[in-house]
Amino acid sequence: MTSLDKILLKVQKPARYVGGEWNSIRKDWDSVAVKTVFAFPDVYEVGMSHLGMQIIYHVVNSRQDVLMERVFAPWLDMEEQLRQNSLPLFSLESRHPLREFDIIGFTLQYEMSFTNILNMIDLSQVPLRSSQRGDADPFIIAGGPCAYNPEPLSDFIDLFVIGEGEEVIGELLDLYKEWKAGADRAGRADFLRLAAGIRGIYVPSLYQVKYNEDGFLASVEAKMEIPGPPVPARVTKRLLKNFDQAPFPVKPVVPNLGAVHDRMMLEVFRGCTRGCRFCQAGVIYRPVREKKPDTLLRQAEQLARNTGYDEISLTSLSTADYSQVKEVITDLLNRHAGKGINISLPSLRVDAFSLEMARQVQKVRKSGLTFAPEAGTQRLRDVINKGVTEENLIDAVTGAFGAGWSSVKLYFMIGLLTETDEDLDGIVSMARRVVETGLAQRVPRGRLKVTVSAASFVPKAHSAFQWEPQDRLAEIKRKQRYLKEKLRMRGVVFNWHEPEVSFLEAVFARGDRRLGAALEKAWELGCRFDGWTECFKYEKWLEAFRLAGLDPEHYAYRRFAYEDILPWDHIDSGVSKKYLAREHRQALEQSLTGDCRHEKCSGCGLCPSLEVDLEIAGGKSVRAGYNGGAN
Ligand code: SF4
């Protein structure tokens, strides 16, 4: 029995670390030129639910010359075992220590996973900071939504991929393979310098950051004195064109133990142009690119054949907005319902939902329905450009209750700009109306359940609300108490997010590279799995900021001015800052902006600057031409 086998006997869930799952790929270690590992900074069950990992795993392993294996954050018991036995973190497929790979690639889905990234680098026995790594060490790279403000992690990550990884990873691997094979190759700085020449690659060590005496950012500039091709002043995201034909994992790895989302994931489209002003995803994944119905039906067949799952989840940022959603659901049900395969729509918009769709989907089995009105009054929904009315919600839940559902979830956000207690009262009255609607639709009282979830607003880089401060902790807590008190009604369950976690999210979402020091201190103090309630240690975080000499409130509560240099200004999402500022002003005027899928182009600047078009299934052109707004 190896040392690894022995420690596996001592941990709670050994299946998290053994690999060998259905459809996992193990290549011959010695016969491939480049070895990479996809590192997910959370536990196996969370990581295996992540479609992005499956896509990159599929794309990279489709190449003969490269292998990609997987690793997930070891849970606390496994970390203890690894450290006690001086064993390095290892991959699932071949159990090679991570330090033996050429490239370790992290996905950045959530700010509260950042300490896990530091922990995984350390457990790999790789120097924590990029500046300490030598030629024998692997390159640590990262991508995903949090890479759009990469600065808090810039001390630890050698390079970031900005945008859609499957679009750029091939070029990066080609470059690495060529560089590695080069007889006269220089040190790792040479590779990073060359990688910075690939569009969408950001190498933080090649940028000089200066601060004013008051602590605010003065400039972020590419270091031009380094020999080689020019380092771009701004790094522009990469995105897939012709999404319909993009590589898709129709043979995904089927997890060994219950993943959070244990089902087939069929990505219906990418992007969302609804324009919710708090939303970062709606900006960074633009434009909307839909797959054709035939492609989806074919991929669903292949997924069902290759996985044995009994549920197909139609994923996207807002699946009910897919232009062919009814046709595709009907066809999927016709083909798969007889085999006991259920269809689920994880994200529904209250206005796009219809009774017909509810009835169609529930033919096989009912799964939960979630609606996100986001704010309790029409005034505040107009501020955030939500573009839905209370009547839309009531129509949707009437349809749902009438079709046999007995429980619905309603998502709201508190702490939005201009919010008053009247808006909180609006949440309460909406919840009450939904309960009344359920009763009117003859849902038995004992079965009727309306779950109201209130997240706290976190200002996100690249959103129209990026300049806004977060509500102070005391105010968020007061609003939560207010709602808790008023939502004490039969049939309603109230959930809220831990405000201290939301506070730290805001700190890192809008942070600069000085935060690396606090992150390292927090990790040293034992912070891990900060997104997990049982692991979150707020006091340790406050201690970390104190030791690093940083004030977290400076990051979460600061109101930026339009003319301020923002820590992420050198990362270009394709959407212009001028457009975001206009959206911010329109929010204060409660003025709505339409969806360019259905109305005229609102001039976000993305399509002309990245030379793309919206891709709508069926080929319907929905753009009425650009009306300015770029840069
Ligand atoms: S440039 Fe116009 S059409 Fe393209 S995503 Fe932006 S708003 Fe939509």
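Note: the structure precedes this text.
What counts as what
Residues numbered from 1 in each chain as written. Predicted model: local features only at pLDDT ≥ 70, side-chain atom pairs only at ≥ 80, totals over all residues. Heavy atoms only, no water. Helix = DSSP H or I, 4+ residues; strand = E, 2+ residues; numbered from the N terminus. Buried < 20%, exposed > 50% of the residue type's maximum accessible area, 1.4 Å probe, protein only. Phe/Tyr/Trp six-rings, centres within 6.5 Å; stacked < 30°, edge-to-face > 60°. Salt bridge = Lys/Arg side-chain N within 4 Å of Asp/Glu carboxyl O. Pairing = 2+ DSSP bridges. Polar contact = N/O pair within 3.5 Å; in protein donor to acceptor, adjacent residues only side chain to side chain. Axes fitted to C-alpha atoms, helices over the stretch in contact; angles between N-to-C directions. Core = buried A, V, L, I, M, F, W, Y, C linked by side-chain atoms within 4.5 Å. Contact = heavy atoms within 4.5 Å. Parallel < 35°, antiparallel > 145°, perpendicular 65-115°, else oblique. Left-handed = near helix turned anticlockwise from the far one by under 90°. Nonpolar A, V, L, I, M, F, W, Y, C, P; charged D, E, K, R; others polar.

> Help me understand unusual backbone geometry in this model?
Glycine aside, the phi torsion of most residues is negative, and most peptide linkages are trans. Here the residue pair R286 and P287 is connected by a cis peptide bond, since its omega of -5° sits within 30 degrees of zero. With respect to the secondary-structure elements, P287 resides in the loop between α9 (281-284) and β12 (289-290). Phi is positive for E374, close to 70°, though the residue is something other than glycine. By relative accessible area, which is 11% here, E374 ends up buried. Its identity as a non-glycine residue notwithstanding, R442 has a phi of 65°, on the positive side. Relative to the helices and strands, R442 is located in the loop between α15 (421-440) and β17 (449-456).

> Just checking my understanding: could you explain the packing of aromatic side chains for this structure?
To describe a pair of aromatic rings, you give the distance between the ring centres and the angle between the ring planes. The tally for this structure, following the rule as stated, stands at 26 aromatic pairs. Their ring planes at 85° and their centres at 5.4 Å tell us that Y176 and F191 sit as a pair that is edge-to-face. With Y176 in helix α7 (residues 165-181) and F191 in helix α8 (residues 188-195), the pair connects residues that are 15 residues apart, well separated along the chain. A residue is classified by how much of its surface remains accessible, and Y176, at 5% relative accessible area, is buried.

> Could you clarify how one ought to interpret the pattern of salt bridges in this entry?
Close approach of charged atoms lets side chains of opposite charge pair. One pass over the full model with this rule turns up 52 salt bridges. Across the salt bridge formed by E390 and R433, the nearest N and O atoms sit 3.2 Å from each other. With E390 in helix α14 (residues 390-402) and R433 in helix α15, this residue pair connects regions lying 43 residues apart in the sequence. Residue E390 is classed as buried on the basis of its relative accessible area, which comes to 18%. Where D595 meets R597, a salt bridge forms, and the shortest distance between an N and an O atom there is 2.8 Å. By relative accessible area, R597 is classed as buried at 3%. Linked through salt bridges whose partners overlap, the residues forming this network are E419, D421, D471, E475, R478 and K479.

> I'm lost on the pairing of strand β2 (residues 66-72) in this one. Help?
Each regular strand displays side chains that alternate between the two surfaces of the sheet. β2 sits mainly inside the fold: seven of its seven residues count as buried. On β2, burial covers both faces: V66, M68, R70 and F72 on one face and L67, E69 and V71 on the other are all buried. Bridging between strand β1 (residues 34-40) and β2 involves seven bridges; their strand directions are parallel. Along β2, the bridge assignment pairs T36 with M68.

> Got a minute to help me understand the environment of N23 in this structure?
Residue placement: N23 occurs in the loop between α2 (15-18) and β1. For N23, a relative accessible area of 15% translates into the label buried. N23 sits 41 residues away from Q64 along the chain, and the two C-alpha atoms are 17 Å apart. Of note is the side chain of N23, whose polar atom sits 3.1 Å from the backbone oxygen of N306.

> What exactly am I supposed to notice about the sheet that holds β17 here?
Backbone hydrogen bonds are what pair the strands of a sheet, in a parallel or an antiparallel way. On the basis of which strands lie adjacent, the open sheet formed by four strands has the order β15-β16-β17-β18 and parallel pairing. Of all the strands in the sheet, the pair left with one neighbour each is β15 (369-374) and β18 (492-496). Averaged over all pairs of adjacent strands, the angle between their axes in this sheet comes to 20°, without regard to strand direction. One ladder, built from eight bridges, connects strand β16 (residues 407-414) with β17; its direction is parallel.

> Can you walk me through the nonpolar core in this structure?
By size, the foremost hydrophobic cluster in this structure holds 166 residues, and its most contacted members are F106, L153, L159 and F191. In this view, F191 contacts F139, L159, L172, L175, Y176 and W179; residues no more than four positions away in its chain are not counted.

> What should I look at first to understand the side chain of T451 in this one?
Within the secondary structure layout, T451 lies in strand β17. A residue is classified by how much of its surface remains accessible, and T451, at 7% relative accessible area, is buried. Not counting chain neighbours up to four residues away, the residues in contact with T451 comprise V408, K409, L410, V493 and N495.

> Just to check I follow, could you spell out the packing of helix α18 (residues 515-524) against helix α19 (residues 538-548) for this structure?
Helix-helix packing is described using two parameters, namely the angle between the two axes and the distance between the axes. One way to put it is that α18 packs onto α19 with a least axis distance of 8 Å and a crossing angle of 130°. Judged on the interaxial angle alone, α19 and α18 are oblique. Both α18 and α19 take part in a crossing whose hand is right-handed. Between α18 and α19, the contacting residues are L515, A517, A518, L519, K521 and A522 on the first element and W541, A544, F545, L547 and A548 on the second. When its residues are assigned to classes, the contact of α18 with α19 shows ten nonpolar, no polar and one charged.

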